[in-house]
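Descriptive analysis of the structure
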Amino acid sequence: TILTKMKCLHPAAKMMQELSKSQDIEAGDGTTSVVVIAGSILKSTHQLLQKGIHPTLIAEAFLDAAQESERILESIGRPITLGDRESLI
């Protein structure tokens, strides 16, 4: 991706590069989506910081949200077998 070719100095930009690289390695696709989502999270976090909310509280809220998201996904997921082509399509 284009991010791998850029020389980034800012820590947030470097983080975006690493996210894109990790997404490409793991899935081979979705690098733009992961950067857009991360950028949105950073923007929201900046707004919360501007309102005076403590960084620790923000981080804890994101961890809680991640755990709740995982719980919801686990509750709606169903087991599949890789040999069952119909279920995979």
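Conventions adopted
- Residues numbered from 1 in each chain as written.
- Predicted model: local features only at pLDDT ≥ 70, side-chain atom pairs only at ≥ 80, totals over all residues.
- Heavy atoms only, no water.
- Helix = DSSP H or I, 4+ residues; strand = E, 2+ residues; numbered from the N terminus.
- Expected span 1.5 Å × (residues − 1).
- Buried < 20%, exposed > 50% of the residue type's maximum accessible area, 1.4 Å probe, protein only.
- Arc of directions from axis to C-beta.
- Axes fitted to C-alpha atoms, helices over the stretch in contact; angles between N-to-C directions.
- Left-handed = near helix turned anticlockwise from the far one by under 90°.
- Contact = heavy atoms within 4.5 Å.
- Nonpolar A, V, L, I, M, F, W, Y, C, P; charged D, E, K, R; others polar.
- Patch = residues over 30% accessible without salt bridge, like charges linked within 9 Å, V, L, I, M, F, W, Y side chains within 5 Å.
- Areas by Shrake-Rupley, 256 points an atom, 1.4 Å probe, with all protein chains shown as cover.
- Salt bridge = Lys/Arg side-chain N within 4 Å of Asp/Glu carboxyl O.
- pLDDT = per-residue confidence, 0-100.

Taking 1.5 Å of rise per residue, the 17 residues of helix α2 (residues 11-27) would be expected to cover 24 Å, and the 24 Å separating its terminal C-alpha atoms lies within 8% of that figure. Taken together, the buried positions of α2 are occupied by M16, Q17 and S20. Relative to the axis of α2, the buried residues are bounded by an arc of 100° and lie together on one face. Exposed residues lying more than 90 degrees from the buried face of α2 are P11, I25 and E26. Of the residues flanking the end of α2, it is G28, one or two places downstream, whose phi is positive at about 75°.

For the rest of this paragraph, the subject is the packing of α2 against helix α3 (residues 31-50). Two numbers describe how α2 lies on α3: the axes approach to 8 Å, and their chain directions differ by 145°. Crossing handedness for the pair α2 and α3: right-handed. Residues A12, M15, M16, L19, S20, Q23 and D24 of α2 touch α3, and the partners they reach there are T31, V34, V35, A38, G39 and L42. Looking at the contact of α2 with α3 residue by residue, the class counts come to 8 nonpolar, 4 polar and 1 charged.

So, on to a nonpolar patch on the surface. A surface patch of nonpolar side chains, amounting to about 270 Å² of accessible area, comprises I37, I41 and F62. Here I41 is to be found in helix α3. Judged by its relative accessible area of 39%, I41 falls in the partly exposed class.

Considering all chains together, one arrives at 1 salt bridge under this definition. The shortest N-O distance in the salt bridge between E68 and R71 comes to 2.6 Å. Taken as a pair, E68 and R71 lie in helix α4 (residues 55-76) at a separation of 3 residues, close to a single helical turn. Residue classification places E68 among the partly exposed positions, given a relative accessible area of 35%. On the basis of relative accessibility, which here comes to 48%, the residue R71 falls in the partly exposed class.

Before going further, it helps to examine the confidence of the model for the protein. For the protein, per-residue confidence averages 89 on the pLDDT scale, and 97% of positions sit at 70 or higher. Between the elements of the protein, mean pLDDT differs from a low of 70, seen in helix α1 (residues 2-5), to a high of 97, seen in α4.

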